[in-house]
Amino acid sequence: MSSSAPYRVLFVCLGNICRSPAAEIIFNAVAAKAGLARRVQADSCGTASYHTGSRPDSRMLAALERAGYTYGGHRARTFCRADFSNFDLIIPQDEFNERDIRQLARCVSDNAKVQGMWLWFGEEETEKSVPDPYYGSAEDFDAVVALLTRSMERLVADLSAVGC
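1. Section: the overall build of the protein chain
So, step 1. When helices and strands are tallied, the protein chain shows 6 helices and 3 strands.
So, step 2. Helices (α) and strands (β) of the protein chain occur, in sequence order from the N terminus, as β-α-β-α-α-β-α-α-α.
So, step 3. For a compact globule of 164 residues, the expected C-alpha radius of gyration is about 15 Å, and the protein chain comes in at 15 Å, within 12% of that figure.
So, step 4. In the protein chain, which comprises 164 residues, the proportion classed as buried is 46%.
So, step 5. Partitioning the intrachain contacts of the protein chain with sequence separation of at least 6 by distance along the chain shows that 74% fall at a separation of at least 24.
So, step 6. Counting every atom, the protein chain has about 8100 Å² of accessible surface; 50% of that belongs to carbon and sulfur.

2. Notes on the layout of surface pockets
So, step 1. Taken as a whole, the largest pocket spans an internal volume of roughly 160 Å³.
So, step 2. Lining the largest pocket, in full, are C13, L14, G15, N16, I17, C18, R19, Y50, H51, D132, Y134 and Y135.
So, step 3. Here the residues of the lining of the largest pocket sort into 7 nonpolar, 3 polar and 2 charged.

3. A short note on the side chain of D94
So, step 1. Following the sequence through the fold, D94 ends up in the loop between β3 (89-92) and α4 (95-104).
So, step 2. A distance of 2.9 Å separates a polar side-chain atom of D94 from the backbone nitrogen of F96.
So, step 3. In this structure D94 touches R19, W118, S129 and V130, once residues within four positions along its chain are discounted.

4. Let's talk about unusual backbone geometry
So, step 1. Phi at N16 is positive, roughly 65 degrees, even though this residue is not glycine.
So, step 2. Structurally, the position occupied by N16 is in the loop between β1 (7-13) and α1 (19-33).
So, step 3. N16 sits in the buried class, given a relative accessible area of 0%.

5. Topic: α4
So, step 1. The set of residues buried in α4 consists of N97, E98 and I101. The buried residues of α4 occupy an angular sector of 105 degrees when projected down its axis, which confines them to one face.
So, step 2. Close packing links the buried residues of α4 with β1, α1, α3 (82-86) and β3.

6. Let's talk about the environment of F121
So, step 1. Following the sequence through the fold, F121 ends up in the loop between α5 (108-112) and α6 (138-161).
So, step 2. C-alpha separation for the pair F121 and E153, spaced 32 residues apart in sequence, amounts to 9.8 Å.
So, step 3. With residues up to four places along the chain from it excluded, the contact list for F121 reads E127, K128, S129, V130, L147, S151 and R154.

7. Observations concerning the sheet that holds β1
So, step 1. What the 3 strands build is an open sheet, ordered β2-β1-β3; its pairing is parallel. Edge strands, defined here as strands with exactly one partner in the open sheet, are β2 (40-46) and β3. With direction set aside, neighbouring strand axes in the sheet form an average angle of 20 degrees.
So, step 2. Examined bridge by bridge, β1 and β2 share 7 bridges and lie parallel to one another.

What counts, and where the lines are drawn
Residues numbered from 1 in each chain as written. Predicted model: local features only at pLDDT ≥ 70, side-chain atom pairs only at ≥ 80, totals over all residues. Heavy atoms only, no water. Helix = DSSP H or I, 4+ residues; strand = E, 2+ residues; numbered from the N terminus. Rg over C-alpha atoms; globule rule 2.2 N^0.38 Å. Buried < 20%, exposed > 50% of the residue type's maximum accessible area, 1.4 Å probe, protein only. Contact = heavy atoms within 4.5 Å. Areas by Shrake-Rupley, 256 points an atom, 1.4 Å probe, with all protein chains shown as cover. 1 Å grid on protein atoms, 1.4 Å probe; cavity = no way out; pocket = protein on both sides within 12 Å on 5 of 7 lines; lining within 4 Å. Points joined across faces, edges and corners; volume = space filled by probe spheres on them. Nonpolar A, V, L, I, M, F, W, Y, C, P; charged D, E, K, R; others polar. Polar contact = N/O pair within 3.5 Å; in protein donor to acceptor, adjacent residues only side chain to side chain. Arc of directions from axis to C-beta. Pairing = 2+ DSSP bridges. Axes fitted to C-alpha atoms, helices over the stretch in contact; angles between N-to-C directions.

Structure follows, in structure tokens:
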């Protein structure tokens, strides 16, 4: 990584209105707190185009607000092959989105950029991926925010350790 170019992280879920924008918001907050705001950048997108142009789900925004995070104006967009060139690390929120992203990979280096969010789960986590809260309750949205917060602290620590 050059000192002038930030390390770019892309979080991906299905529709880009729940999990991945939450991951983006939480990552940016945790990175800023760690003093990495100028050295890393995050974005998010979805593998499906259902919600392109939409704001995050209001229930996710409420859960993020309850946890002390601030919405920065994100609008949903769809993952595209150019994202492999534009990002250093691509983090799907579940194995289905990982599969969809890998099907678009053009080469080994594209595939190497794809690492599931679960790689930053702690040993105490019972989940195998970030659960989709879309059809759930407010508590499900809160649980996703809590899981992502714990995971982002590990991810940011890892990025800091490698010099980002």
